Amino acid sequence: MSEMLANHFFLIRDYKHAADFYEKGIVKKYRSITVRKKIVICYVMTGQIEKAFNEFCGLIEEDIEFITNTNLASEDCPCPDIISMIERDEMHFGSQFEKYVSLGMLWLYCDIDQSIVHLKKAFALKKRNTRLIKIIDSLNSKSKEN
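Residues numbered from 1 in each chain as written. Predicted model: local features only at pLDDT ≥ 70, side-chain atom pairs only at ≥ 80, totals over all residues. Heavy atoms only, no water.

Description of the side chain of threonine 70
Consideration 1: Within the secondary structure, threonine 70 sits in the loop between helix 4 (49-68) and helix 5 (79-87).
Consideration 2: Judged by relative accessible area, which is 11%, threonine 70 ranks as buried.
Consideration 3: Polar contacts involving the side chain of threonine 70 include one to the side chain of lysine 37, which spans 2.8 Å.
Consideration 4: Ignoring any residue separated from it by four or fewer positions in sequence, one finds threonine 70 in contact with Lys37, Glu75, Cys77 and Tyr109. (Helix = DSSP H or I, 4+ residues; strand = E, 2+ residues; numbered from the N terminus. Buried < 20%, exposed > 50% of the residue type's maximum accessible area, 1.4 Å probe, protein only. Polar contact = N/O pair within 3.5 Å; in protein donor to acceptor, adjacent residues only side chain to side chain. Contact = heavy atoms within 4.5 Å.)

The structure is reproduced here in structure tokens:
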């Protein structure tokens, strides 16, 4: 029931309520990868970048192709619109690092190479972030496969 409500809120772009209901579903033993993919977007939109990044890292480790194979139309993915808002500075972040990490996460739903570009910009700001370099390496490997 909570996932159905969450999907409703996600579709109407009420990311705060969607995140609340998705979180209720995530704490259950069954962790839907589809829900986790959507909650990354919700967390970015509600300014919870660390939570988004943690979930994103887990998804990359488990099944990178689930994100890279996103069908923007059939999944009603809002990432292109959100990316445009961020690039026009219509969304504000606590730091440039958060902005680039957010862009890197969202771009992965659309274009792996653009994702890498933005994650590298984030890494340039925080070179001690070992999770970030691990993700960049994974994405580089995946990009070369394609």
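A look at the pattern of salt bridges
Consideration 1: Tallied over the entire structure, the rule returns twelve salt bridges.
Consideration 2: In this structure, glutamate 65 engages lysine 142 in a salt bridge whose closest nitrogen and oxygen atoms are separated by 2.5 Å. Here glutamate 65 is found in helix 4, whereas its partner lysine 142 is found in helix 8 (residues 130-145), with 77 residues between them in sequence.
Consideration 3: Residues joined by salt bridges that share partners form a network here, namely Arg36, Glu55 and Glu62. (Salt bridge = Lys/Arg side-chain N within 4 Å of Asp/Glu carboxyl O.)

Remarks on the packing of helix 3 (residues 33-45) against helix 6 (residues 96-108)
Consideration 1: At a closest axis distance of 11 Å, the pairing of helix 3 and helix 6 adopts a crossing angle of 150 degrees. Accordingly, the angle class assigned to the pair helix 3 and helix 6 is roughly antiparallel. Between helix 3 and helix 6 lies a crossing of left-handed hand. Residues Val40, Ile41 and Val44 of helix 3 form the contact with helix 6, whose participating residues are Ser102, Met105 and Leu106. (Axes fitted to C-alpha atoms, helices over the stretch in contact; angles between N-to-C directions. Parallel < 35°, antiparallel > 145°, perpendicular 65-115°, else oblique. Left-handed = near helix turned anticlockwise from the far one by under 90°.)

So, the environment of asparagine 7
Consideration 1: The topology assignment puts asparagine 7 in helix 1 (residues 2-11).
Consideration 2: A C-alpha to C-alpha distance of 9.6 Å links asparagine 7 and alanine 19, two positions twelve residues apart in sequence.

Describing the side chain of asparagine 129
Consideration 1: For asparagine 129, the position within the fold is in the loop between helix 7 (112-125) and helix 8.
Consideration 2: Classification of asparagine 129 as buried rests on a relative accessible area of 18%.
Consideration 3: Apart from the residues within four sequence positions on either side, asparagine 129 is in contact with Phe53, Phe97 and Phe123.

Overview of the packing of aromatic side chains
When we look at a pair of aromatic rings, we describe it by the centre distance and by the angle of the planes.
Consideration 1: One pass over the structure, following the stated rule, counts three aromatic pairs.
Consideration 2: For the ring pair phenylalanine 10 and tyrosine 15, a centre distance of 5.8 Å and an interplane angle of 85 degrees mean the geometry is edge-to-face. We note that phenylalanine 10, like tyrosine 15, is buried.
Consideration 3: Centroid distance phenylalanine 10 to tyrosine 22: 6.4 Å. Interplanar angle 65 degrees. Geometry classified as edge-to-face. With phenylalanine 10 in helix 1 and tyrosine 22 in helix 2 (residues 15-26), this pair connects stretches of sequence that are twelve residues apart. As far as the burial class goes, phenylalanine 10 and tyrosine 22 line up, both buried.
Consideration 4: Its end group placed over the ring of phenylalanine 10, arginine 13 keeps NZ or CZ at 5.8 Å from the ring centre.
Consideration 5: Seen from the ring of phenylalanine 66, lysine 37 lies directly overhead, with NZ or CZ sitting 4.6 Å from the centre. (Phe/Tyr/Trp six-rings, centres within 6.5 Å; stacked < 30°, edge-to-face > 60°. Lys NZ or Arg CZ within 6 Å of the ring centre and 35° of its normal.)

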